[in-house]
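# Understanding the architecture of this molecule
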Amino acid sequence: MLLEKINSPQDLKQLSIEDLTFLAAEIRRRIIEVVSRTGGHIASSLGAVDLTIALHYCLNSPKDKIIFDVGHQAYAHKILTGRNKDFDSLRQFSGLSGFPCKEESVHDAFTTGHSSNAVSLALGLACARDCLQPQDYFRVAAVIGDGSLSGGLCFEGLNNAGHLKKDILVVLNTNELSIAPNVGAISTYLNKLISLPVYNRFKDSLDKFIESRVPKGSRLLKIANRFEENLKGFFVPGMLFEELGFRYFGPLDGHNLGTLIPRLKNIMEIKGPRLVHVVTRKGKGYPPAEEDPVKFHGVGGFDIPTGKSPCKKDSAVRTYTQVFGDKIVEIAQKDPKVVAITAAMPEGTGLDKFRESFPGRFFDVGIAEGHALCFAAGFAAGGFKPVVAVYSTFLQRAYDQIIEDIALQGLPVVLAIDRAGIVGEDGVTHQGIFDITFLKNIPGLTIMAPKDAGELEAMLELSFTLNKPVAIRYPRAIACEPDVSAAPLKLGEPEILRNGQDFTIIALGSMVAPSLAAADILSKQGFKGTVVNARFVKPLDENILNKIGQQAKIIFTVEEGIIDGGFGSRVSEILSRPVVRLGLPDEFIPHGHRELLLEKAGLTAEGISASIRGHLK
Ligand SMILES: Cc1ncc(C[n+]2csc(CCOP(=O)(O)OP(=O)(O)O)c2C)c(N)n1
C-alpha cells in the first residue's frame, strides 16, 4: 500500500508517475470506502484526485498555499496532508470536517464551504506576500470549479487579479457540472473550449509528435510545450481569461498524471496571473458516481457494489424540502404568475419538481445568490410572483439584495429558506443559524416559520396573497404531519397550543414540537405551562403578544438560530420585559449529526424542560 507511506505531500516527490497513478487509485478506494459509511461530497472529490496529487507534487504545501474553492472536492488533499489516519471520522462530531478547516491542518489556509471566493482569497494572500517580501517566497494556487465560476465573486477576483498582475495560479477544474448540470454562457464557453475540434486535432498531432521524437526530460520538451502553448493562442479562445489579464493554459486532461505533472511544472515556472484549465470527470473511478454525478455530488451512506442508498423508510414521511417542492407546484398550477428561481440548487431545494412541471417558469441562475434575488426583484417588478428557494447559509451572500432590491422596493418576492437551523454534517460553514438575526430588522419583510408540514403549506399559500416580500424559514428535517385542529393562519397571529400558569413558552417553527414535549415532561413533574406557536417573527401581533405577556409569570422563547439578536430578542423588545431566550449560543457550530448538535445546545424536549425547571426552582 503506497498510501500508508504518505504522511505529507513531501512523500509524493519520491514517487514515479506510475506509482502516483497507483496512489490515485488507492486514494479513490479509500474515499469510496469511507464516504459509503459517512456520506459526503464524493463525486467532486473523486474527480479531483489526480489533480490534487499533481498540485501537491508540483507545489510545496504548507509553504505554498492551495486554496480549494468551496472545498467539497478536497478529500484527496486531506488524505495527502497527514489526515488519512483520521479519515474514517469524516463529517462526524469531533472528527474531520468535510471541508478545508484551518483548525484541522496547516495545509488548509482557510476554513471554507461557500463557493466562488478562492481567487479573492488567493489574491489577498499574494498581495500580502508581495508587501512583506518574505525571504522564503511562496506560491499561491486557487482551485475553482466551472460551477464556482458562475458566481460573480469569482469574476471580481479574476478581474482584480488580472489588473494587479500578481503571481497567482488559478486552476480551473471543469466537469460540465455544478451540483446539477452547469448553466450559463460561461459554461457554454468552457465547453466550446474543450471541444474545439481544430485545436484538439492540432494538439493531438503535436502531442504524438513530441512523444515519439522528443526524449523525456530533454530541454526540447520544454521548448515544445512552450511552442504549443504559444501557438494555441491562434486556435483557442482562452481569450476571455487572456483579456482579463491571465495567461491561459489548457485544456489539460485532469486524469493523466503523465501529462498533467510536466505541464503544471512548466506553468509553475512562469510568473504572473496564470489560469490552467483542466478537464475532469465527476465521480471518476466509481461507476455509480460517474453515471449519476448529481446524486453522488453529496450523498448519505451507500452500498459500494450497487451505489444504492439504504432503503428510505416510509414514503409517506416527507421532509420540509419535499413539502415545499410539492406545494409550490400546486400553487403554480393555480397561479400562472408564480415563477421559481434557484441558485444552482434545484434538487437540494426541492424545485426539481417545479422544473419538470413548468420548465418555462423555472430559472437556475448558477451559483449566484445575489443575482438570483435581484433577478427575482426584476421579475416581481414586471408583474410576476417569484419564489426564490435558497439555503439559509447561502442567503447570506444576498443580504444587500434583500434590503435594497426587494424590501426597499416592497416587491412581492417569496424567499423559501431551506436548511434554516442546524444542518448537521456539512458543519460550520453551512449552519443556517443567522437568518432570523439578519432578517428581522429589515422593514416591511414578513418572516414566518412553520411548525409542521401543514403550516408550511398554509404559509406558502398566504405568502402569494400578501403582495409584499416574505421569508419562510424551515429546517433540514422531517416535517410532522399537519395538526388538523390547527387555528387558521392569519398574518402576524401566533397560535396558543396549551394553557397553564407556571410558565409560558413562545416557540418558533422547528422548536414548537420539542417545546410541547418539554411541557409534557414538566406537566408530569407538576408544572403546567402555556405553549405558544409564534408562527411569525415579523409582524407579530402586539396585542395578542402583550396579552400573553401579561398573563405569564416567566416567559421562555425557543428558536433554532443564534440567540443574540434573534427571535427571543424581538419578543423581549416588543414586550419591554426580559424573557429567557433558549437557542443557539453566540458561536460557530461545528459538524455532527443534527440531533446531536441540537441536544448539545439544549434544544430537545429534555433540554428545554431542564432549562425551564432550572428557572422555576
Ligand atoms: C455560495 C454557495 N452557494 C451554493 C453552494 C452549494 N454548492 C456546493 S458545491 C456546488 C457546485 C460546485 O460546482 P463546481 O464548482 O463546478 O465543482 P464540482 O462539484 O463540479 O467539482 C454548489 C452549488 C455553495 N457551496 N456556496
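Each remark here, short or long, concerns the structure printed above.
Residues numbered from 1 in each chain as written. Predicted model: local features only at pLDDT ≥ 70, side-chain atom pairs only at ≥ 80, totals over all residues. Heavy atoms only, no water.

## Quick word on empty space enclosed by the protein
Threshold: Of the grid points, spaced at 1 Å and generated over the protein atoms alone, those admitting a 1.4 Å probe that cannot get out make up cavities, while open sets with protein on both sides within 12 Å along at least five of seven lines make up pockets; any residue with an atom within 4 Å of a point is treated as lining. Grid points are joined across faces, edges and corners, and a volume is the space filled by probe spheres set on the points. Note on conventions: DSSP H or I runs of at least 4 residues are helices, E runs of at least 2 residues are strands, and numbering of each starts at the N terminus. Note that Gly is not counted as nonpolar here; it falls among the polar residues with everything else outside the nonpolar set of Ala, Val, Leu, Ile, Met, Phe, Trp, Tyr, Cys and Pro and the charged set of Asp, Glu, Lys and Arg.
Enumeration over the complete set of coordinates arrives at 4 cavities of 30 Å³ or more. Every residue lining the second largest cavity is listed: Ile66, Ile67, Phe68, His77, Pro100, His107, Asp108, Ala109, Phe110 and Thr112. Among the elements that take part in the lining of the second largest cavity, strand β1 (residues 65-68) stands out by supplying 3 residues, more than any other. Taken together, the residues of the lining of the second largest cavity sort by class into 6 nonpolar, 3 polar and 1 charged.

## A short note on the nonpolar core
Short version of the rule: Residues grouped as a nonpolar core are buried Ala, Val, Leu, Ile, Met, Phe, Trp, Tyr and Cys residues, joined through side-chain atoms within 4.5 Å. Buried residues are those whose accessible area, probed at 1.4 Å on protein chains only, stays under 20% of the maximum for their type, while exposed residues exceed 50% and partly exposed ones sit between those limits. Any pair of residues with heavy atoms lying within 4.5 Å of one another is described as a contacting pair.
Counting 79 residues, the largest nonpolar core has Phe324, Phe354 and Leu439 as the members making the most contacts within it. Apart from the residues lying within four places of it in its own chain, the contact partners of Leu439 are Leu395, Ile402, Ile417, Leu445, Ile447 and Ala471. Counting 54 residues, the second-largest nonpolar core is a separate cluster that includes Leu51, Leu96, Ile270 and Phe302.

## Some thoughts on the packing of aromatic side chains
Operational definition: Side-chain rings of Phe, Tyr and Trp (the six-membered ring for Trp) are treated as a pair once their centres are within 6.5 Å; stacked means planes under 30 degrees apart, edge-to-face means over 60, and tilted covers the remaining angles.
Per the stated rule, a full pass over the model turns up 15 aromatic pairs. The interplanar angle of 85° and the centroid separation of 5.8 Å between the aromatic rings of Tyr286 and Phe296 together place this pair among those described as edge-to-face. Residue Tyr286 is found in the loop between β5 (274-279) and α12 (287-291), and its partner Phe296 is found in the loop between α12 and α13 (320-334); the two are separated by 10 residues along the sequence. Taken together, a centroid distance of 5.2 Å and an interplanar angle of 75° make the contact between Tyr399 and Phe438 edge-to-face. Remark: Phe438 occurs in helix α18 (residues 435-439) and Tyr399 occurs in helix α17 (residues 399-407); sequence separation between them is 39 residues. On the accessibility criterion, Tyr399 (32% relative accessible area) is partly exposed.

## What about unusual backbone geometry?
Looking along the chain, the bond that leaves Ser61 and enters Pro62 is cis, with omega of 10°. Note that Pro62 resides in the loop between α3 (49-58) and β1. With phi around 60°, Lys165 is a residue other than glycine that occupies positive phi space. Structurally, the position occupied by Lys165 is in the loop between α6 (152-164) and β3 (169-174).

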